[in-house]
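Survey of secondary and tertiary structure
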Amino acid sequence: MVSHAATAPEAPGDGVTSSVGIPWRTRLDLAFAALGERMARSRRLIVGVQWAVVGIYAVLIVVPTLVPLPGRLDHVWNHVTVFAQFVFWGIWWPGVLISMILFGRLWCGVLCPEGALSERASRFSLGRAVPRWITWKGWPFVGFLGTTIYGQMISVYQYPAAVLVILGGSTCAAIVVGLVYGRDKRVWCRYLCPVNGVFALVSKLAPIHFRVDRAAWDRWEKPADGRLPHVDCAPLVPLRRLEGNSPCHMCGRCSGFRDAVALSSRSPNHEIVEVAGREPKPWESALIILGLLGVAAGAFRWTGSALWVDIKQALAEHLIDLGAERLLDLSLPWWILTNYPEKNDVMTVVDGAALIVFLGLETAIAAILFAGGTALAAALAAPWRREVFHHLVQTLIPIAAVGVILGLSMTTVSLARADGFDVALADPLRLTALTGAAIWSAVLARAVVRRHAVDPTRRRLAGAAMIGVIGLAAADWATLFWTP
Ligand code: SF4
């Protein structure tokens, strides 16, 4: 297994020397390396935990579909549907995103039920090679947009059948992909999971990662018996070239491999400032600006929006002008558009069309403000290069990610409030989180601008443009909670 000396920071003085003479950073990394090795030796325990989560997940998505919908007097503690709603949307999803910021994709490698089932299914797979259409880099963007918009159309936060369709459907697809492609692999998670793109972005902020020491890797000598060790990296990470958290599921299986891989600490800014700029990733930029700051923000906002009502009225008047009044009350099955007459909750085709137009407008505004502002900053920093633009977009990850977490917290707070809990701290916490995220994005933007702009005037102008973009993004999220 791993030699700690080979993988811990080697340079003396890379941290403050502790009372026993070992820099604290080295001690921290030794502790992390040991933790990584413990994970590598604890496969059975991890698999056991995964099956437990699979069981909880199955209960939470299936049982609520078997009981009547809750009434106005039902609560978290006396109705399984309200309980599942609170657990899924109030705790689970915000918690998963927060865990990405803290621990990288540990959720994916250790706890995710969908990943565990896909990998298990892959054990009995046909073992086919992964076709090129699956490796298309646009899937994370398309998958996130598709599930976000479809989730709003069928009211996934409110109705258990909608949860079963979206989460259950995704899980079935993960199993099918596992049964066809690869062997003991997570082809679904690597290429097709609808939240893979978001997790890949947010995990860049984590202060821990599996660090690959390439010099140690190359120095490593074959064992005397000639048998090469093997790591079964389920999400197909090219280990020697691993430089960040985005593709790694933090499963720990590679810890100690070739005496070169170890769980280590790092600056939470490292991946975005040092790694993310090496190769432009247009699909990631699209996901940050159009997906998180556009569609996701719109999805949290549309139900209370006067603009959505205006769009709906305009569409209705247009239909009347066309003599197609009968379309005004047209509804569709619940698995296409929300349709629960017994709850007085029916989304007509006009409502649905207004939702799509609203989200389209929100996304177009996000593109103009955030992509336009970042492009301006890139042009001010240096003679135009698209690499600079895509690198600067990465600095928006904290404000985009925290905004989505706060958007999800709206469900947490409204359910908690409905059940009589005191939510007085919600607003101060939101303000603190949003301010912290904006400052974090600004710090990243400053560091990235400094990498690309040599001239001090250019630095100041580009920095000011990025402050404007970040401020607008923060203000946009703030309007979810505080109306001006
Ligand atoms: S690189 Fe692969 S094997 Fe190593 S921790 Fe990440 S997911 Fe696991």
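That block above? That's the structure.
In this report, we go over the structure that sits alongside the text. (Residues numbered from 1 in each chain as written. Predicted model: local features only at pLDDT ≥ 70, side-chain atom pairs only at ≥ 80, totals over all residues. Heavy atoms only, no water.)

**Observations regarding the nonpolar core**
When a protein is soluble and globular, its nonpolar side chains tend to lie buried together. With 86 residues, the main nonpolar core has Phe88, Trp92, Trp93, Ile399 and Trp477 as its most contacted residues. Setting aside anything within four residues of it in sequence, one finds Trp93 in contact with Phe88, Leu167, Val195, Phe199 and Leu408. Ile208, Phe210, Ala216 and Cys254 belong to the second largest nonpolar core, which has 18 residues in total. (Core = buried A, V, L, I, M, F, W, Y, C linked by side-chain atoms within 4.5 Å. Buried < 20%, exposed > 50% of the residue type's maximum accessible area, 1.4 Å probe, protein only. Contact = heavy atoms within 4.5 Å.)

**Looking at the site of the ligand**
Around the ligand sit Phe210, Cys233, Pro235, Val237, Leu239, Cys248, His249, Met250, Cys251, Gly252 and Cys254, and that is every residue in its neighbourhood. Looking at the shell around the ligand, its residues break down into nine nonpolar, two polar and no charged. (Near = heavy atom within 4 Å. Nonpolar A, V, L, I, M, F, W, Y, C, P; charged D, E, K, R; others polar.)

**Digging into the pattern of salt bridges**
Counted according to the given criterion, the structure contains 14 salt bridges. Here Glu119 makes a salt bridge to Arg186, at a shortest N to O gap of 2.8 Å. With Glu119 in helix α6 (residues 113–122) and Arg186 in the loop between α8 (160–180) and α9 (187–192), this pair connects stretches of sequence that are 67 residues apart. Here the two residues Glu119 and Arg186 agree in accessibility, since each one is buried. One continuous salt-bridge network, built from bridges that share partners, spans Glu119, Arg186 and Arg253. (Salt bridge = Lys/Arg side-chain N within 4 Å of Asp/Glu carboxyl O. Helix = DSSP H or I, 4+ residues; strand = E, 2+ residues; numbered from the N terminus.)

**Digging into the packing of aromatic side chains**
Centre-to-centre distance and the angle between the planes together describe a pair of aromatic rings. Counted according to the given criterion, the structure contains 17 aromatic pairs. Judged by centre distance (6.2 Å) and plane angle (40°), the rings of Trp384 and Phe389 are tilted. Ring centres of Phe481 and Trp482 lie 5.5 Å apart, and the angle between their planes is 70°; this geometry places the pair in the edge-to-face category. (Phe/Tyr/Trp six-rings, centres within 6.5 Å; stacked < 30°, edge-to-face > 60°.)

**Remarks on unusual backbone geometry**
Of note, the phi angle at Asp184 is positive, near 55°, even though the residue is not glycine. Turning to its location among the elements, Asp184 is positioned in the loop between α8 and α9. The phi angle at Arg258 is positive, at roughly 50°, despite the residue not being glycine. By the secondary structure assignment, Arg258 is in the loop between α11 (214–219) and β2 (261–265).

**Notes on the environment of Arg301**
On the secondary structure map, Arg301 appears in helix α13 (residues 282–301). Residue contacts for Arg301: discarding those within four places in its chain leaves Phe358, Glu362, Asp476, Thr479 and Leu480.

**Regarding a nonpolar patch on the surface**
On the surface, a nonpolar cluster with roughly 360 Å² of combined accessible area is contributed by Val62, Leu66, Val67, Val80 and Leu164. As for its position among the elements, Leu164 is in helix α8. (Patch = residues over 30% accessible without salt bridge, like charges linked within 9 Å, V, L, I, M, F, W, Y side chains within 5 Å. Areas by Shrake-Rupley, 256 points an atom, 1.4 Å probe, with all protein chains shown as cover.)

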